[in-house]
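Spelled out from the first residue to the last, the chains are:
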Amino acid sequence: MSCQQWLYTVPLRLRSLFLRKRADQELNEELRDHLELQTEENMARGMSPEAARYAALRALGGLTQIEEECREKRGVNMIENFVQDLRYGLRQLRRSPGFFVLALSCLTLGIGANTAVFSWIEGTLFRPYPAVAHQERLVAIGGTSPGEERGGPLSWPDYLDLQRGCTLCETTFVTKITGGTLSIGERAEVTTGSIVSANYFDAIGVHPILGRGFEAGEDVGRNSHPVIVISYQLWQSRFKGDPQIIGKTQRLNSGVYTIVGVTPKEFYGTFVGWAMNFWVPASMEEDFEAGGYKLEDRGARWIESYAKLKPGVSRQQAQQEVSAIAQRLEAAYPATNRGRGIKLWPLWETPFNDASTLLPTLKIMFWVAGSVLLIASANVGNLLLVRSFSRRREINVRLALGARYGRVLRQLLTEALIVSALGAACGLLVAYWCRHALILLFPARSGISMHLPGEIDWRVLALSVAICLLTTLIVGLIPALETRSLDVSGALKADSPSVTGSRSRAWVRSSLVIVQVCLSFVLLVGTVLLLRSLEKIRNTSPGFLTTRVLTTKVSIGAAGYSEEQAKAFQDQLLDRVRSLPGVEAAAFARITPLGYISYSSTPIAVDGYQPRPGEQPSVDYNQVSPDYFATMGIPLLSGREFTRTDDENASLVAVVNQTMVDRYWGGQDPIGRRLQVNGRWVRVVGVAANSKYESMREVPRPFFYVPLRQDFAKSPNLNIRTTQPLRTIATALSREVHTLDPNLALYEIITLQEQVDRSTSPQLVAVTLVAILGGLALLLAAIGIYGVMSYTVSQSTRELGLRMALGAGASNLLRVVISRGLALTAIGIVFGTAVALALTRLMGDLLYNVSPYDLRAFGLALAVMTSATITACLWPAWHATRIDPARVLRD
Amino acid sequence: MSKPSDLVQGTLDMLILKILALQPLNGWAISQRLKQISGEVLQVSDGSLYPALHKLEQQGWISAQWKVSESNRRARFYSLTRLGRKQLEKEAANWNRLSAAISSVVKMSEA
């Protein structure tokens, strides 16, 4: 449309919109004039006045139609009609509050569940780091090795080479989660923090509200920059928001650190799941990490890093460059880097935080929430459909008066839009309340601030609006399409309710119920499968005692102990603990099984074992003190346990597990044979039974143990086997630790069972969420069945009355109604079974030792669905028995 | 049905524009003129006239004013705008081209 044309048309449109009455009046006047003139002319031709007027009217056609057609030509009719429909729709809804409340609550649940799941996905997977700029360009960097494609950590020198070589990265930064003991006054406390590269705060665009971030060069050198940035939360809770905090010193682990900055309130660090409370530069790594000074050791892989890609660079492009760098490193440093690759991961697949554990659960949640929405929509669609039958006269009158089909359709869609828009608004409210609910499902642990926020940003809002519109279409089109089949003259004439029970409409209602049953059956099967695998996981023996063994950790680092002092302390503590009443055994181990911290890993060589070409066997191991196997209850199959004589002066020894014996010694007893660990030969002195090391779901894998004294760690975990309750031991233990050194802090003390439960919490979360939504779906489907059966009964009063008159008893009628309901359910279940068989394999990773086609799961789901159907049919069926046959026949 | 069944919608528009190009008229006069000009060949129902007028007005091709007619009645008079004149020229040219093409095709088939 040209500019000039706008000049003419815009005022006209505005006039049509705001001076509608006047425009209509003028039009009416004009048409009347026309009629009069035509009548006069007809009379002049000799017609009687009446005939003249009639002829003029006939020539013109229906006045109302012409007026409406003219209005449409004005081009603003859409808006006008919409406002009109909106007002009419609201009036209609006010008139039937029961329908309105039911429809609204169905949609609130459906849309609310979806929005909540979206907000979790957004807040933990897509935009997981509040206050961090340009998260859409962040990728996680993980190291890979043959047989270990899940990204692991990198070494500091490799990282520096990557940083220098990556031209497609705007910046890269390091952040490694760690723990530290803060000593403030008499109180020592363990808290989570992060070891970062000096550019960390600049790279993520977070500016401290007090003081500064780290300066270039502060991540270089050994223990050379004892500076610390603290979180707003720590500043408030431990330093009472002291405005003079910058420049003050704070004891953390073995060092005294100068506080240089405080981060903004909304910043929680960059680790999905946990909130960070402090940050230290990488140069201070030795104070927090086991394994000594590692900044110059290319073989020590411990850092977790991210890259921010340049704008417009895809992950695949950057990956090519990064792979080339990894290959150059492989060639330059074969001893440490042979077979090692570097891989870039999108944030939601970050291998080293809770994103990777949440991803499969949230993926499933996405589909589950979608199904719940569909079921809810089907319910509301059905309600609208039933309502449209009772409004069929109204619609017919409108059609007969000349309303076009499209106009009626728009009216019905507008009503659906009102319901779904209100549903979306309430749903958003529900989602807003639930946005932080994810964290409630994870077991709490002390010393660590869990942080799993949901995020309701414009993207989540846009999705909710899209859902709302989609729902409107589904919900509105069902009854609208039904109206199409209305026969205007027929329906106007006939007024008996039997017309509404026509076959096609019953068919639409039934298929809606079938879809609902089908979807909720799939969800039921999924829930049962997850429940069964959780049960299996929980019932699997980890290979060590769980209930009677406690585990904790003493942070020795904080006291600034030398290695000698640490050894002396460990010996003293162990002696004191062993003499506590009720303690059967106690031992140290660097790693407690099934925890977050990873084991040491080493390339191995075995006497008499010939690796295949290209194979570089690499095995995880743990450093444990004497009595470890006795404490943990891990059976020794052959040989002996470590003793106090297996110290730094004795010859090197190891205990291997059964799988390792099978793989490298062909099942022969390996006692006395040699094994190369970190380039040094050690002698095998014992064989331990297999147990679980990192995850309850892992398959048996090679593993071995070395004496703590021969591969020393300053802050190992303390495991205690006891007959006493946890509280008693905890009190006694902190007393003993305090006696030895008041500066030391005890980490939380838990049973190994608790440790196992925590490691399976992602399964628990998945089960809980799917069960909640599955239950919701079942409820909605039951409401759907109830609705349809009630309607069917009310529409077939005649038939049921006849049956009664012919001698059918109450039980007979009950059977008739319930079996109709069950017939629908049966069809739904058949479809549901087919869908479930196709879909449950997608749960793959969340299932443990349960076949996706588990017969018992399907059977249980079938039983639940059937009883739900029967329950839903009972009320309508009872209603059927109350029909008075005499009255029915009379009517 | 108010739609002209035997007249292409665009043709009706063009006819109206052409009639108004001669002098401003009210709706009734336009309908009389249409009947006069086309005789029995083009059947334009009165019902389709007013929506067409509305559309042309909305497009800015004609404008309407209330005036007093010869018979001393107040009536809505339509007149062609500058845009409408251009549109008429364009449509007339199109029509000429089209009818020339069609008639040459018709003649060819006769030969």
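What you see is a predicted model, and the numbers here were worked out from it, not measured in a lab.

Student: Just give me the short version of the sheet that holds strand E1 (residues 25–26) of chain B, but keep the residues and values in it.
Tutor: Residue and element names in this part refer to chain B. Here three strands make up an open sheet; going across it, the order is E1-E3-E2 and the pairing antiparallel. Each edge of the sheet is formed by a strand with only one pairing partner; in this case those strands are E1 and strand E2 (62–68). Taken together, the seven bridges between E2 and strand E3 (residues 74–80) define a ladder with antiparallel strand orientation. Across the sheet, residue Ser63 finds its bridge partner in E3, namely Ser79.

Student: Just give me the short version of the domain arrangement of chain A, but keep the residues and values in it.
Tutor: Each domain of chain A was delimited in the assignment, giving domain 1 (3–75), domain 2 (79–121 + 362–495), domain 3 (147–338), domain 4 (517–541 + 760–891) and domain 5 (557–743). Distance between the C-alpha centres of domain 1 of chain A and domain 3 of chain A: 78 Å.

Student: So, the pairing of strand E19 (residues 618–624) of chain A: which residues are in play, and what are the values?
Tutor: Remember that side chains alternate between the two faces of the sheet whenever the strand is regular. All names here are of chain A. The element E19 is largely enclosed, with a buried count of five among its seven residues. Relative to E19, strand E18 (residues 600–606) runs antiparallel, the two sharing four bridges. By the bridge assignment, Pro603 is partnered in E19 with Ser618. Across five bridges, the pairing between E19 and strand E24 (residues 703–707) is parallel. The residue of E24 that forms the bridge with Asp620 is Phe703.

Student: Which residues make up the interface of chain B and chain A, and what are the values?
Tutor: Tallying the contact residues gives 19 residues for chain B and 22 residues for chain A. Within the residue set of the side of chain B that touches chain A, elements represented by two or more residues are helix H2 (27–38), helix H3 (46–58) and E3 of chain B. Among the elements that make up the side of chain B that touches chain A, the one with the highest residue count is H3 of chain B (eight residues). Considered class by class, the residues forming the side of chain B that touches chain A number five nonpolar, nine polar and five charged.

Student: So what about helix H24 (residues 797–805) of chain A? Which residues, and what values?
Tutor: Residue and element names in this part refer to chain A. Those residues of H24 not exposed but buried are Leu800, Gly801 and Met804. All buried residues of H24 fall inside an arc of 100° around its axis, so they share one side. Against the buried residues of H24 lie helix H25 (810–839), helix H26 (855–881) and helix H27 (885–890). Just beyond H24, the residue with positive phi is Gly807, at close to 105°.

Calculation notes
- Residues numbered from 1 in each chain as written.
- Chains lettered and ligands numbered in written order.
- Predicted model: local features only at pLDDT ≥ 70, side-chain atom pairs only at ≥ 80, totals over all residues.
- Pairing = 2+ DSSP bridges.
- Helix = DSSP H or I, 4+ residues; strand = E, 2+ residues; numbered from the N terminus.
- Domains from an automatic or database assignment.
- Buried ≥ 20, exposed ≤ 12 C-beta atoms within 10 Å, placed from the backbone.
- Contact = placed C-beta atoms within 7 Å.
- Nonpolar A, V, L, I, M, F, W, Y, C, P; charged D, E, K, R; others polar.
- Arc of directions from axis to C-beta.

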